[in-house]
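Working through the structure, step by step
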Amino acid sequence: MHTDLAKLVVLQVHDIEAKRLRDEIAALPKLVAALETKAAATVGQRAVVLDLIAKDEALRRRLESDIADLRLKVERTQKKIDVATTAVQVNAFEHEATFARAEINRMEDEELESMERGEALEAQRGLADEAVAEAAKTLERERDRAAETIARDRTLLAEVDRKRIALRKEIAQSETGEASLSTYDRISRGKGTAVSEALNQKCTACQMMIRPQRWNDLRDNSADSESALTLMTCENCGRMLYYDPARDSPDRKLVPVESIAASIVRSL
Ligand SMILES: [Zn+2]
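The paragraphs below set out a description of the structure included in this document. The structure displayed is predicted, hence computed values, not measured ones.

**Topic: the overall build of the protein**
Helices and strands together make up the secondary structure of the protein, namely six helices and three strands. For the protein, the N- to C-terminal ordering of α and β elements is α-α-α-β-β-α-α-β-α. The C-alpha radius of gyration of the protein comes to 42 Å, more than 25% above the 18 Å expected for a compact globule of 268 residues. Across its three principal axes, the protein shows a C-alpha extent of roughly 135 × 60 × 25 Å. In the protein, which comprises 268 residues, the proportion classed as buried is 32%. A separation threshold of at least 6 residues defines the contact pool for the protein, and within that pool the share at least 24 residues apart is 73%. Counting every atom, the protein has about 17,200 Å² of accessible surface; 56% of that belongs to carbon and sulfur. Across the protein, the mean location of the 43 positive side-chain charges is 5 Å away from that of the 49 negative side-chain charges.

Following this line, the structure appears as structure tokens:
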């Protein structure tokens, strides 16, 4: 393997980890913001219920006061009936009293309805209180966790960045280092990753087969081989290919299609 490439493989591991950490650091505040919105929504829903309860309570106070007034009116009218001197007067007062009693009945019904509604609203208030408490608890827990994770990620990122910078410096010192780094940077900008393992005669990044000659070159460990002298790339995706003999154990080797067919024929 080209000496630069061996280091670029490690650099890519660090680069991927650095990206993962940066992504997580960026994503966690968004997660917390979404939970804040959710918590605020539960508070808003509870406020609606509390408002309905307050309106119903005000309605009942008004009804009770009106009913008390009407009862007084009925009492007064009753006294007027007692002292009335003509049948016309008695009729008029009785009519008044009947009307007031009907009003009292109507308002008492309305009050009863309001009280029944009030029970349902109290149940809703209980649920809304639970939802508010639960959302607040979740928010607090996730906020703490996000803060801890971000702090830990920043420490890890500083360490990974330190390794990346040191490794790039080391790569740049070789004769071909600067060129290798700029190739690496160009491919990773375009594709996300610049280095791909060749395994089972395939590029593991794009899954394209590697032609036999190139595959042999990649696996050639000698110091003057193609893969030791140049940075070999995948003909399909353009990533730099490397071969790790330790990963390519005999049982993982690709069986040629012909021999699979042959073995099927033999087993028949
Ligand atoms: Zn490829």
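**Topic: the coordination of the zinc ion**
In the first shell of the zinc ion, the protein supplies Cys203 (SG), Cys206 (SG), Cys234 (SG) and Cys237 (SG), at 2.3 Å from the metal. Considering all four donor atoms around the zinc ion, angles at the metal cover 103 to 119° and the coordination shape is tetrahedral. Each donor residue of the zinc ion belongs to the same chain, and together they define the spacing C-x2-C-x27-C-x2-C. Remark: Cys234 occurs in the loop between α5 (226–229) and β3 (240–242) and Cys206 occurs in the loop between β2 (202–203) and α4 (212–219); sequence separation between them is 28 residues.

**Observations concerning the sheet that holds strand β1 (residues 195–199)**
Here we have three strands laid out as an open sheet, ordered β2-β1-β3, and mixed in their pairing. Either end of the sheet is taken by a strand with one partner, and the two such strands are β2 and β3. Relative to β3, β1 runs parallel, the two sharing three bridges. Each bridged residue has a counterpart across the sheet, and for Ser196 the counterpart in β3 is Leu241. Helix α1 (residues 3–83) contacts β1 and β3 of the sheet and is inclined by roughly 105° relative to β3.

Thresholds applied
Residues numbered from 1 in each chain as written. Predicted model: local features only at pLDDT ≥ 70, side-chain atom pairs only at ≥ 80, totals over all residues. Heavy atoms only, no water. Helix = DSSP H or I, 4+ residues; strand = E, 2+ residues; numbered from the N terminus. Rg over C-alpha atoms; globule rule 2.2 N^0.38 Å. Buried < 20%, exposed > 50% of the residue type's maximum accessible area, 1.4 Å probe, protein only. Contact = heavy atoms within 4.5 Å. Areas by Shrake-Rupley, 256 points an atom, 1.4 Å probe, with all protein chains shown as cover. Lys, Arg positive; Asp, Glu negative; His and termini not counted. Charge placed at Lys NZ, Arg CZ, Asp CG, Glu CD. Donors = N, O, S within 2.8 Å, 3.2 Å for Na, K, Ca; no water. Tetrahedral: all angles 85-135°; square planar, octahedral: opposite > 155°, others 65-115°. Pairing = 2+ DSSP bridges. Axes fitted to C-alpha atoms, helices over the stretch in contact; angles between N-to-C directions.

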